[in-house]
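Remarks on the overall topology
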Amino acid sequence: MATLVSAHLLSKSYATKTLFNGISFAIDDGDHIGLIGPNGAGKSTLLSLIAKQQSPDSGTLSFANHLRLGYLKQKPLFTADETIYMALMSACDDPYDSENIALAYELIARFELDQFPDAEHKQSLELSGGWQKKLALARELMKRPNLLLLDEPTNHLDLESILWLEDYINREKQIAFLTVTHDRRFLQNTCKVIFDLDPRLPNGLLRTNGTYADHLESKMQLLQGQKRLEEKRRNTMQIEKDWLSRGPQARLTKQKARIDRAHELIDEVSGLESKNRQNKINLDFGKTDSSPKKLIAAEKVTKAYGGRVLFKDFTAMISPGHRYGLIGTNGCGKSTLLKCLIGQGSVDSGLAFVNEDIQICYFEQGKDSLKPEVSVLKTICPEGDYVHLHGNPVYAKSYLSRFYFRSEQFDMPVVQLSGGEQSRLILAKLMLQSSHVLILDEPTNDLDVETLDALTETLQEYRGAIIIVSHDRFFMDQNCNAIWSFGDPDGLIQNFADTFQWEEWHHSKKINDKQNLKQAAKADAGKSISKVKLSNKEKFELDSMEKNIADTEKILSDLQVELADPKTQVNYARLGELTTQISAAEEKLESLFSRWEILNQKAGL
């Protein structure tokens, strides 16, 4: 297996902050790697180093000659007036090459980007965030990469799109993936190797060959061993400190050596203390003195928008201790339902009730409550030096320190904070308010695992009601005891116990939908197909399709002949490569035949 990227003693700092120091790793063909670590550890920076967009302060990065790199960033960028087709072709060296054109239409079909009324001519900036992520991924695949860097690919995707992405990554055997994500279920389902970038670890980066669950066990054992070493060294250090306190004279060589070793031991214990120290964010949403049993209620609530029913006849009563999770595709009406429930939106029919004696805290997805030019300190404390936390005055700067804000960030404009830091600032604001109901709209975006764990512990102690909108299935299952699912064609909201039950239902629904489509196709067989005029690009694609199919069949045939060769059967390395290549060729051939059939039907052939 060939190595695509190798790093040796890599270091990177910004100003006085060291992101990572002396880390080493290798990425091989076909690796599916998850890159994890706390906020500020340098994960996105490491991706930009591999993408050659930055340079390391020290150390070496080596790249294979045959490396072809793709890089899907957190927030894909598209130019004004750029269509889907233009976005794909912008990644090509030759937009008029027949193979590039064929690949573009293959990706449009595979990613279902042709489902819009104007198909490949739709403006990229008119797409939703989820569809823009799909288009950006297709654009990177136009580069025919053998290493694809994914930076928080699940952010702003709905659950169905995440399941699609999981399936795509698991089926793709010819591309190596390096994925930065805090979505733990996604990590578990797609990654076979874990890179943990954490300054607490002995070498700054821990590689685990296995799933995310395997990694957690390995890391726990390593940190426990490191903690035991600290305790052992501390006991030895105390003995040496007692000896030093007696003031031994360094006249003898042995005594001088022991004094030197004692000071080295003190430094070692100090280093171990620093590595073993677990900084835990201190979250507490407080306790309300009294809370009515009926907080929010909905009775046969219905809402439509643009001629489409978002939800219909929805009935629920929300009381203290209830934890509800909302899931559904982007734009299905989740945020609209939340606004209707808390009285910020009107309903078409039915009744929405909000108890007038309660207070509601709202964590909004777009971070609209933050003013970009206001400083971090003034955001939580507009006047004076103290904030009031659950009735007690707290020095504002000390309060910000609870959320890992450094002193140099206090006067920094909010716009200069990272996404994770902005999310922590919103949590800091929410904690200053007493509430009976917490509404969290995509709270997991940009937060690291440690902060998510702290948030989960706090929510479990919260006595009020919680409503969560999130694509993070692990977080939802930890914090919700019921799931409300959108997506029914009649607008009915369905109830599930957890996301596992929803996934089983979704999988069964997909199978049933495919069977229904096949039956409908059979029923339509023999009917005349109205002739549709092909675009010039589609005509070109159709004219070159037979050649592309023939070329792919020839490649597949050659691979199968080599596979049958007795010499190949004893060459296990080549045997594995051939199996992967044959699988990819068969998949490409199937895709070409499907596209050919679609074009023939459109042309009425």
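The rules we used
- Chains are numbered independently. Their residues run from 1 in the order of the written sequence.
- pLDDT decides what is reported in this predicted model: residues at 70 or higher carry local features, side-chain atom pairs at 80 or more are listed and counted, and totals for whole chains, interfaces and linings draw on all residues regardless.
- Note that the side-chain values use all heavy atoms of the structure and ignore hydrogens as well as water.
- Only DSSP runs of H or I with at least four residues qualify as helices, and only runs of E with at least two residues qualify as strands; both kinds are numbered from the N terminus onward.
- Relative accessibility thresholds used throughout: buried, under 20% of the residue-type maximum; exposed, over 50%; partly exposed, between the two (1.4 Å probe, protein chains only).
- Only heavy atoms matter for contacts: two residues are in contact if any of them lie within 4.5 Å across the pair.
- For the accessible areas, the method is Shrake-Rupley and the probe is 1.4 Å, while residue cover comes only from the protein chains on display.
- Any two strands are treated as partners once DSSP identifies two or more bridges connecting them.
- What a helix should span is 1.5 Å times the count of its residues minus one.
- In this description, a line fitted to the C-alpha atoms serves as the axis of each element, helices being fitted only across the stretch in contact, and the angle between N-to-C directions of two axes falls anywhere from 0 to 180 degrees.
- Reported orientations rely on four angle classes, namely roughly parallel under 35 degrees, roughly antiparallel over 145, roughly perpendicular from 65 to 115, and oblique for the rest.
- Should the near helix be turned anticlockwise from the far one by less than a right angle, the crossing is left-handed, and should it be turned clockwise, the crossing is right-handed.
- Residue classes follow a fixed rule: Ala, Val, Leu, Ile, Met, Phe, Trp, Tyr, Cys and Pro count as nonpolar, while Asp, Glu, Lys and Arg count as charged, and any other residue, Gly among them, counts as polar.

A word on the overall build of the protein chain
Check the secondary structure of the protein chain and you find 18 helices and 20 strands. Across the 605 residues in the protein chain, those meeting the buried criterion constitute 46%. Intrachain contacts of the protein chain at a sequence separation of at least 6 include 69% that bridge at least 24 residues. Total accessible area computed for the protein chain in this model is approximately 30,800 Å², and 50% of it derives from carbon and sulfur atoms.

Overview of the pairing of strand β12 (residues 323-327)
For β12, a buried count of 5 out of 5 residues is recorded, marking the element as mostly surrounded by other parts of the structure. As paired strands, β12 and strand β18 (residues 465-469) are joined by 4 bridges and run parallel to one another. In the sheet register, Arg 323 faces β18, and the bridge partner there is Ile 466. Pairing of β12 with strand β19 (residues 482-485), which is carried by 4 bridges, proceeds in the parallel orientation. Looking across to β19, one finds that Gly 325 is bridged to Ile 483.

What about helix α13 (residues 449-461)?
The end-to-end C-alpha separation of α13 is 19 Å, in line with the 18 Å expected for 13 residues at 1.5 Å each. Regarding α13, the residues found buried are Val 449, Thr 451, Leu 452, Ala 454, Leu 455, Thr 456, Thr 458 and Leu 459.

Digging into the packing of helix α4 (residues 129-141) against helix α5 (residues 159-171)
The description of two packed helices rests on the angle between their axes and on the distance between the axes. Running from N to C, α4 and α5 cross one another at 20 degrees; their axes reach a closest spacing of 12 Å. Considering the angle they form, α4 stands roughly parallel to α5. By crossing handedness, the relation of α4 to α5 is classed as left-handed. Residues Lys 134, Leu 137 and Leu 141 of α4 lie in contact with α5, whose contacting residues are Ser 161, Trp 164, Leu 165 and Tyr 168. A class-by-class count of the residues in the contact of α4 with α5 yields 5 nonpolar, 1 polar and 1 charged.

Details of the sheet that holds strand β7 (residues 176-180)
Reading across the sheet, the 6 strands line up as β5-β6-β7-β3-β8-β9 and stay open at both edges, with mixed pairing between neighbours. This sheet does not close on itself; its edge strands, each paired only once, are β5 (69-72) and β9 (205-209). Neighbour-to-neighbour, the strand axes of the sheet open up by a mean angle of 15 degrees, direction not taken into account. Seen against the sheet, α4 touches β5 and β6 (147-151) and runs at an angle of roughly 170 degrees to β5.

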